[in-house]
Amino acid sequence: MLYNMVDLLSVAYKNKFAVGSYNVANSEFVEAIIRAAEEKNAPAIIQIHPNEINLIGDNFIAYVRQAVSRTHIPMAIHVDHGATLGDCVRGIHDGYTSVMIDASADSWDNNVALTKQVVDVAHSVGVSVEAELGTIGSNELSTEGTGVNKILYTDPEDAKKFVALTGVDTLAVAIGTRHGHYSHVEKPELRIDLLEKIHEAVDIPLVLHGGSDNKDEEIKKTYLHGVAKINLSTDMKTAFFKQLRKNLDNNPDAYEPDQLMPSARKAAQDVVEHKMDLFNSTDKADLY
C-alpha cells in the first residue's frame, strides 16, 4: 500500500519504532525490500537519490509505485537528498509520495528559504517534505556527494525555529552518524543526550541518516527519542554486491541474471530483515 510519509511516520513516532528507508538503484533492491517487509510484516520506505534516478531513469518510479501498490505492507517512496527545488519537483512529477530537500550545508537563511519553497510546492499536491539541519559526516567518496568531513551537530533551539519557519514534516538531525562504512575512522558515540533535547524541542518525527555500520545498542535508543525514520544504504548494498562478486568469481561463464541475481538479492534482503528487527518495526504493519 502506498502511503504519504506523514501518515507512515506518525504511527512510528507515536509507537516508538523507526521505519527503515532503503536506497535503491535497480529492481533487485526493490524486490529485496518488499520481500523483507512482507516477511517481517514491517512498514518500509523505498528512497532514491537524484544520482540514482539519473542512472535508472524517471520511468523507474512507475514500476516502484506498481510494486508497492501490490503489497499489503504500508510503504512510501521518497526522494533522498534532493539538492534543489528542481530535484523535488521532478520527484513529485514522477510520483514520489515524499521528497527531501537538503540545504543543510548552505546558510541558515538559504536553508530556511529553500525548504519553505519546497514545502509550499509539495504540500499543495499532498506530498510530504523532509529537510536537514546540521551536517552528516561522510566516510568515503560517494557519487551522492552528500556528507562532510566535519559533523555540525543540530542545535535543539535552531531545530525548533526551523520547523516553525518552514512547516517541514520531518527533520533529519545530526547527532554523530556518517554516511558509508566506518572502515578508516572510529565508530562514533551517538549523541543520544543531544537527541533527547532535540526531541523535547521539536514535535515532529526525526530522521537519522547514516544508519549503516553503527552500534546496534545505540540505534535502539534513537527511536525512543523521536526518530521515526532511519536511512540505510551501505550495509544493504555491500551485502548484495559482495554476494554478486562471489557469484561471478565462482561462475565466470555465467551470463543469465537468474544465475547471478537471486542469491545477491537474498543477501540484501537478509540485511533489511535484520534492520527491521533492530529498528523495532517488525510486525508493526498491523498498526496501520
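Described below are features of the structure shown in this document. As the structure is a computational prediction, the values presented were derived from the model and not from experiment.

### Some words on the packing of aromatic side chains
The geometry of an aromatic ring pair is captured by the separation of the ring centres together with the interplanar angle, meaning the angle of the planes.
Okay, step 1: For the structure shown, the criterion picks out six aromatic pairs.
Okay, step 2: Between Phe29 and Phe240, the aromatic rings sit 4.6 Å apart at their centres with planes inclined by 45°, giving tilted as the arrangement. Taken as a pair, Phe29 in helix α2 (residues 27-40) and Phe240 in helix α10 (residues 234-250) lie far apart in primary sequence, 211 residues in all. Like Phe29, the residue Phe240 is buried in the burial classification.

### A short note on the pairing of strand β1 (residues 19-23)
Each regular strand shows side chains that alternate between the opposite faces of the sheet.
Okay, step 1: Judged by how many residues are buried, β1 sits mostly within the fold: five of five residues are covered.
Okay, step 2: Covered by surrounding structure in β1 are Val19, Ser21 and Asn23 together with Gly20 and Tyr22, the residues of both alternating faces.
Okay, step 3: Relative to strand β10 (residues 227-232), β1 runs parallel, the two sharing four bridges. Note on β10: the bridge partner recorded for Gly20 is Ile230.
Okay, step 4: Relative to strand β2 (residues 44-48), β1 runs parallel, the two sharing four bridges. Across the sheet, Ser21 pairs through a bridge with Ile45, a residue of β2.
Okay, step 5: Each parallel crossover has a hand, and the one from β1 via α2 to β2 is right-handed.

### Side note on the nonpolar core
Okay, step 1: Membership of the largest hydrophobic core comes to 75 residues, with the highest contact counts inside it found for Tyr22, Ile33, Ile46, Val99, Leu171 and Met236.
Okay, step 2: Excluding residues that lie within four positions of it along the chain, Tyr22 makes contacts with Ile33, Ala44, Ile45, Ile46, Gln47, Leu232, Met236, Val272, Lys275, Met276 and Phe279.
Okay, step 3: Ranked by size, the runner-up nonpolar core spans 11 residues in total, among them Leu8, Leu9, Val11 and Ala12.

### Notes on the side chain of His78
Okay, step 1: Positionally, His78 belongs in strand β3 (residues 75-82).
Okay, step 2: His78 gets classed as buried once you look at its relative accessible area, which sits at 0%.
Okay, step 3: For His78, the side chain forms a polar contact with the side chain of Ser98, separated by 2.9 Å.
Okay, step 4: Only 3.1 Å separates the side chain of His78 from the side chain of Glu130, close enough to count as a polar contact.
Okay, step 5: Residues contacting His78, with those up to four places away along its chain left out, are Met5, Ile45, Ile46, Gln47, Ile48, Tyr96, Ser98, Val99, Met100, Glu130 and Lys229.

### Notes on the packing of α2 against helix α4 (residues 60-69)
The angle between the axes and the distance between the axes are what describe a pair of packed helices.
Okay, step 1: Contact geometry of α2 with α4 gives a least axis separation of 11 Å together with a crossing angle of 15°. In this view, α2 runs roughly parallel relative to α4, as classed from their interaxial angle. With respect to the hand of their crossing, α2 and α4 are arranged in right-handed fashion. Residue-level contacts link Ser27, Val30 and Ile34 of α2 to Phe60, Tyr63, Val64, Ala67 and Val68 of α4.
Okay, step 2: Residue composition of the contact of α2 with α4, by class: seven nonpolar, one polar and no charged.

### Examining the pattern of salt bridges
Okay, step 1: Enumeration according to the criterion identifies 10 salt bridges in this entry.
Okay, step 2: Lys40 is the salt-bridge partner of Asp277, the closest N and O atoms lying 3.0 Å from each other. Placement of Asp277 in helix α11 (residues 257-278) and of Lys40 in helix α2 is noted, with a sequence separation of 237 residues between them.
Okay, step 3: By relative accessible area, Lys40 is classed as buried at 19%.
Okay, step 4: For Glu52, the salt bridge goes to Lys237, with nearest N and O atoms at 2.8 Å. With Glu52 in helix α3 (residues 50-56) and Lys237 in helix α10, the pair connects residues that are 185 residues apart, well separated along the chain.

### A few points about unusual backbone geometry
Okay, step 1: Phi is positive for Asn41, which is not a glycine, with a value near 55°.
Okay, step 2: Summarising the element assignment, Asn41 is placed in the loop between α2 and β2.
Okay, step 3: Asn41 gets classed as buried once you look at its relative accessible area, which sits at 14%.

Rules used throughout
Residues numbered from 1 in each chain as written. Predicted model: local features only at pLDDT ≥ 70, side-chain atom pairs only at ≥ 80, totals over all residues. Heavy atoms only, no water. Phe/Tyr/Trp six-rings, centres within 6.5 Å; stacked < 30°, edge-to-face > 60°. Helix = DSSP H or I, 4+ residues; strand = E, 2+ residues; numbered from the N terminus. Buried < 20%, exposed > 50% of the residue type's maximum accessible area, 1.4 Å probe, protein only. Pairing = 2+ DSSP bridges. Right-handed = clockwise from strand over helix to strand, strands pointing away. Core = buried A, V, L, I, M, F, W, Y, C linked by side-chain atoms within 4.5 Å. Contact = heavy atoms within 4.5 Å. Polar contact = N/O pair within 3.5 Å; in protein donor to acceptor, adjacent residues only side chain to side chain. Axes fitted to C-alpha atoms, helices over the stretch in contact; angles between N-to-C directions. Parallel < 35°, antiparallel > 145°, perpendicular 65-115°, else oblique. Left-handed = near helix turned anticlockwise from the far one by under 90°. Nonpolar A, V, L, I, M, F, W, Y, C, P; charged D, E, K, R; others polar. Salt bridge = Lys/Arg side-chain N within 4 Å of Asp/Glu carboxyl O.

It is worth stressing that arrangement in space is one thing and function is another; only the former is reported here.
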